[in-house]
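Inside the fold
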Amino acid sequence: MKEEFQFAIDRGGTFTDIWARCPGGKIEVMKLLSVDPQNYKDAPREGIRRILEQETGIKMSADKPIDTSYIDWIRMGTTVATNALLERKGEPMALAITKGFRDLLYIGNQARPQIFDLEISAPDQLYSEVIEVEERLVFKQDKCEINKSCDQVTGVTGEKLEIWEKVNTEKLREDLQKLLDKGIQSLAVVLLHSYTYAEHEKEVGRIALEMGFHQVSLSSEVMSMVRVVPRGYTACADAYLTPQIKKYVAGFASGFKDNIQNTSVLFMQSDGGLTPVNKFNGSRAILSGPAGGVVGYALTTYNQDTKQAVIGFDMGGTSTDVSRYAGQYEHVFETTTAGVTIQAPQLDINTVAAGGGSMLFFRAGMFVVGPESAGADPGPACYKKGGPLTITDANLCLGRLLPEYFPKIFGKNQKSPLDKAATDKAFKKLTREVNEFLSSQEGTAKQKMTTEEIAMGFIQVANEAMCRPIRALTQAKGYDTSKHVLACFGGAGGQHACAIARSLGMSKVFVHRYAGILSAYGMALADVVYEAQEPCAKVYNPGNADFFDYFDQHIAELQNKCREELMKQGFQREQIETQPFLHMRYDRTDCALMISPDNHPANQNSCRSGDFKSAFQERYQTEFGFTIPDRPILVDDIRVRGVGKALVREEKEVPVTSFPPVATLTANCYFDKDYRETKVYLLENLSFGHSVEGPAIIMNGNSTILVEPNCTASITKCGDIEIQVGSGTTQRVGPDLDAIQLSIFSHRFMSIAEQMGRVLQRTAISTNIKERLDFSCAMFGPDGGLVANAPHIPVHLGAMQETVQFQMRQRGKDFREGDVILANQPQAGGSHLPDLTVITPVFWPGESKPVFFVASRGHHADIGGITPGSMPPHSKCIQEEGAVFKSFKLVDQGIFQEEAVTQAFMEPGKYPGSSGTRNLSDNLSDLKAQVAANQKGITLIKELIEEYGLDVVIAYMAHIQDNAEIAVQEMLKEIGRRTRERTGTTQLSAEDYMDDGAKLCLTINIDEEKGTAVVDFTGSTCEVYGNCNAPRAVTLSALIYCLRCMVRHDVPLNQGCLKPVTAIIPKGSILDPSENAAVVGGNVLTSQRVVDVIFRAFQVCAASQGCMNNITFGDDAFGHYETVAGGAGAGPTWNGRSGVHSHMTNTRITDPEILERRYPVILKKFHLNPGTGGHGQHKGGDGIIREYLFRKDLTLSILTERRVFSPYGLNGGECGSKGVNLIYYKDGRVVFLGSKTSIKCHAGDVFYLQTPGGGGYGSEQELKTETRKRKQRSSEEGSKAKKGHSLVGRGSVFEYKKSQESA
């Protein structure tokens, strides 16, 4: 039988890597530029041609199709889909969506991507046109009191639905024809509830294909999972990308005889499985390339005998990909790439904005790496294109990169080597800047730093930045980071692997011999995968006689479907394996886990596939630290993963040797404080048995592997590199300020706060903390000053510091080891009562007072009061808002005071019309989780003290605060200078009015020489009758938020931000009310108006909607609370974003399908309200229209603002439109509800919510001038863009961070 060539190819954004097995078993590898139009049209095809020509000796013309008789198979991963998504270069497409929801995907979850960016920018939508389909499905609800005559149907989940409106096909055809007339031939169809009943979508799709659309992506077919927003994004991505993939595949195939019809061609999907070329689609192609790398390290590094888990570390030029493998691939089913949420199985690959091209900055005394990247053009300074300093330059400066081993492809002619002289010149300039700054500061460790020390400092900071997501990825799921192997691959990872492993406590680094092309090699090792999935809505109830039959039957059907598809591809039945999964969650939670019954065999109380319940409970216990035994378990989806086992891995062994390794040359590399002689070895010259002591460099092709001092590299029998990581030399750090250590401590402190948060999220039981992530964790210095806070929930910023410092004043010396304090009272630094703060003082041997404090603040869903949810719109005193804790000892010398705290939670029931907490068990469980989170922080800080010493840790707590102070001072100096130039004075002032007429008054006096300011709210209205009083802590949170926004780059958010600012807040005013004042509206409404007043004074931007639009509806059986977005204010260089949350809130909104599935309400409309943003040179963002149809009698409560006074415009810009609250009664009456009220609604009534728009900036006359200048500015911005672009992260760690910031 004729032997043929086998090719595995990774077509990346910059390089295309090719691994080939030739006849006879010879392996060839090749690396080509992915785009090189002067030499070839397609890199993968060219690589195949060159290897065939080289190995067969037969001349093959680059212009003629390749003879496929030489080829057995081709397997490929490609970034075609990812690049099209990033660059928005997909197929022009349109969206067909249920009427009333035309802007649903624009609004998305209504959260803004970056909470401190006033210019709210989000990637463009994939669709260029929208048509609304007149149709409507709603769930049948037994308690629905609306009598409507309509057809009923049953969805695939078994749920009953009512067809309230059939598809209007006549109108549909008219709208589709208009799209075709515009040249659009790709369509995404997204109809509400189509995941369970797809007939309406299928009808639209059939008509569209009949009329001539080339690509129709039905959301129900692309991914039939509940939640219309991510499903809609996924369908759009499929319609946008699949035609591009088909074009690429057609172009690739055209370079082969017979269009490669008779050769097996498989593409890698995002889930780590291969699929035939005709089934490769856009929504499953996003991680096609990176997935190959995960498969590669998983199958080469993971040891089936030891079962030691592996962390994949793939460091490239722009970013670093981090993932985990412990015998099974870890998948996520929803993640965001390039601003588009994709709902499809994807490997959990976490992308960090730190790579070889990450830019280096020195800001306000701190070393900063990224997130901006130099990219490929201009690239690092050493690329000879005028680029900025990067991590690559730092490694080159220190001798860790050897130019002689790099190809000469740099410079304008692309024929020059790396330019070390350019790197050295740029670093010398930076060195002067650093030393000038340090010499101006008191208390610095030394006056001069060398260039090498600065370059080394940036590498240490970059390493710490990459360690943080690795810690998060492992500890989030209850795993010990140090118990993993670090599998290093990618072009830049080898230079950092030893240092990162050492920082994480890992003892082993593994570098495969194909590390430079591991993604391509992973394609060769991968299995062919076909997945089948269907939605479900069953309770997992083994007590039901029909229960197992249902799941056994549906799993068997999906298994048969997978087998049939794989057998069509040529697999024998014995080569096929199927793995069933159930997507399971506890009732009243949203935290679903995809559960496999592996290691839980079937028994008499389980399905035939295995014991899913035991598997779910075990996984839940591992990830979250507890289970909920009496809570029903729901199944959202049934999934089967079919795997066709294709290629048995074969690793060829390398020769054994007993001779010592021979170095090729000796280089000088910088480590710690000086240069060390470093031997350089070529991997191709090393054999099994060779051991290389660090410091050393091993060159593997173009990849540089740095073996650091106290590390030892060994060559395995297969020619791979295994590095044993030693402890390294401990660098003595003193208490004096060192700029490098300042940056490292900043990361360490933030990491501690983040890890506290992970423990809290894992161990909490309530939806608010576990899933909405509405909490913050923080650490404080011995004076109670904030050091680090994670996440950055705006309304929590600075507020917890007030709470800690109040306890220090209140208790004095009455702190003992083992005590934990609980507080929420506004006078004690609270924001509003549901936010409970748990504070733990920390002691150190020999110290009589606490050396620092840790605290966690979490939003509890109910703590009593006059309304469920403890957010009453009409409260008049604080006792009506729930349980109050001013300085309550929650834990007394290690004993949790359950009886006393239970009594306190029930205390509000003593007040007329009020109740004690309605969910005591969740309160107690979450408080215990907060105590556990604090304990984690204590453990981590004590480890830090043991490593550095108490004096050093306390000193750097102060240094971090001083650094934030410097950043704010520099900002105030600049604002003071600009203000004096504009007005002749450095005094600023502004005022605004609440809807009830209460005045917010602000005067700011800036000292431009010192960079300080007095922020004086004198003149503001006294405490108000109602609940719009803002606690002092909330007012300070609004101030610190504004300062951080105005700094415009990342600074540590701590006590130092407020040091240059003297805040005068009159006691007894609306901004610092008395002890018994109601405050719930102050936290969610007045805080927004305080921000408006501050920005108005500073002339930063026009007013945003100034409101959170708090909406609550429910009855005795249920309650639902949500906040609704509006328009953002415009600024001097930007238009305000429409339909987005702004400033002090960033909460996500419930998906329409979830809302209608859970509650007796139908969402009639949810779209933008065009024209409600203020006009001007830059236009304010538009507000939203949201209509709720109630299906039964219930109570509606609204707590809103900006219904009387419009959001102001600035510098000639017009005001945004006011909001409106109306009730349309079913009898035809329309009633205006005002800003704040609570009313009884009946079945058939409709609540109409119109949220405010944002103010405009600048006059429309200036807009005409601006238009003339736009072309010039676009050119300038284009050149700036070349200097660096910020990378947006990806993966479960990134999604967790975004979720926290939208709590």
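See above for the structure.
Residues numbered from 1 in each chain as written. Predicted model: local features only at pLDDT ≥ 70, side-chain atom pairs only at ≥ 80, totals over all residues. Heavy atoms only, no water.

Relative to the elements of secondary structure, Leu1210 occurs in the loop between strand S51 (1194-1199) and strand S52 (1220-1224). Judged by relative accessible area, which is 5%, Leu1210 ranks as buried. When the C-alpha positions of Leu1210 and Gly1176 are compared, they lie 8.9 Å apart, and in sequence the two are 34 residues distant. For Leu1210, the residues in contact, after removing those within four places along its chain, are Arg1096, Gln1099, Val1100, Cys1101, Ala1102, Gly1256, Tyr1257 and Gly1258. (Helix = DSSP H or I, 4+ residues; strand = E, 2+ residues; numbered from the N terminus. Buried < 20%, exposed > 50% of the residue type's maximum accessible area, 1.4 Å probe, protein only. Contact = heavy atoms within 4.5 Å.)

Each pair of packed helices gets described by two things: the angle between the helix axes and the distance between those axes. Following both chains from N to C, one finds helix H16 (residues 739-763) and helix H21 (residues 950-983) inclined at 100 degrees, their axes separated by 10 Å at the closest point. With respect to each other, H16 and H21 are oriented roughly perpendicular. Here Gln741, Leu742, Phe745, Ser746 and Phe749 of H16 lie close against H21, whose contacting residues are Val952, Val953, Tyr956, Met957, His959, Ile960 and Asn963. Residue classes in the contact of H16 with H21 are distributed as eight nonpolar, four polar and no charged. (Axes fitted to C-alpha atoms, helices over the stretch in contact; angles between N-to-C directions. Parallel < 35°, antiparallel > 145°, perpendicular 65-115°, else oblique. Nonpolar A, V, L, I, M, F, W, Y, C, P; charged D, E, K, R; others polar.)

What follows is about the nonpolar core. Ranked by size, the top nonpolar core spans 283 residues in total, and within it Phe7, Phe1095 and Phe1113 carry the most contacts. A total of 14 residues in this core trace back to one element, the largest contributor, which is helix H7 (residues 228-253). Counting 43 residues, the second largest nonpolar core, distinct from the first, contains Ala764, Ile769, Phe775 and Ile941. (Core = buried A, V, L, I, M, F, W, Y, C linked by side-chain atoms within 4.5 Å.)

Across all of its chains, the model carries 31 aromatic pairs by this definition. On the basis of an interplanar angle of 45 degrees and a centroid distance of 5.5 Å, the ring pair of Phe616 and Tyr620 is categorised as tilted. Pair noted here: Phe616 and Tyr620 are both in helix H15 (residues 612-624), with a separation of four residues, about one helical turn. Centroid distance Tyr1188 to Phe1247: 5.6 Å. Interplanar angle 25 degrees. Geometry classified as stacked. Placement of the pair is Tyr1188 in strand S50 (residues 1184-1190) and Phe1247 in strand S55 (residues 1246-1250), with a sequence separation of 59 residues. Considered together, Tyr1188 and Phe1247 belong to a single accessibility category, that of buried residues. Aromatic ring contacts, followed pair by pair, group Phe1113, Tyr1159, Tyr1188, Phe1190 and Phe1247 into a single cluster. Positioned above the aromatic ring of Phe581 is the side chain of Arg639, whose terminal nitrogen or guanidinium carbon lies 4.3 Å from the ring centre. Above the ring of Phe1166, the side-chain terminus of Arg1186 is found at 4.4 Å from the ring centroid. (Phe/Tyr/Trp six-rings, centres within 6.5 Å; stacked < 30°, edge-to-face > 60°. Lys NZ or Arg CZ within 6 Å of the ring centre and 35° of its normal.)

Right, let's talk about the side chain of Gln1088 for a bit. Mapped onto the fold, Gln1088 is located in helix H23 (residues 1080-1098). When sequence neighbours within four positions are dropped, the list of residues in contact with Gln1088 reads Gly1106, Cys1107, Met1108, Ser1142, His1143, Met1144 and Thr1145.

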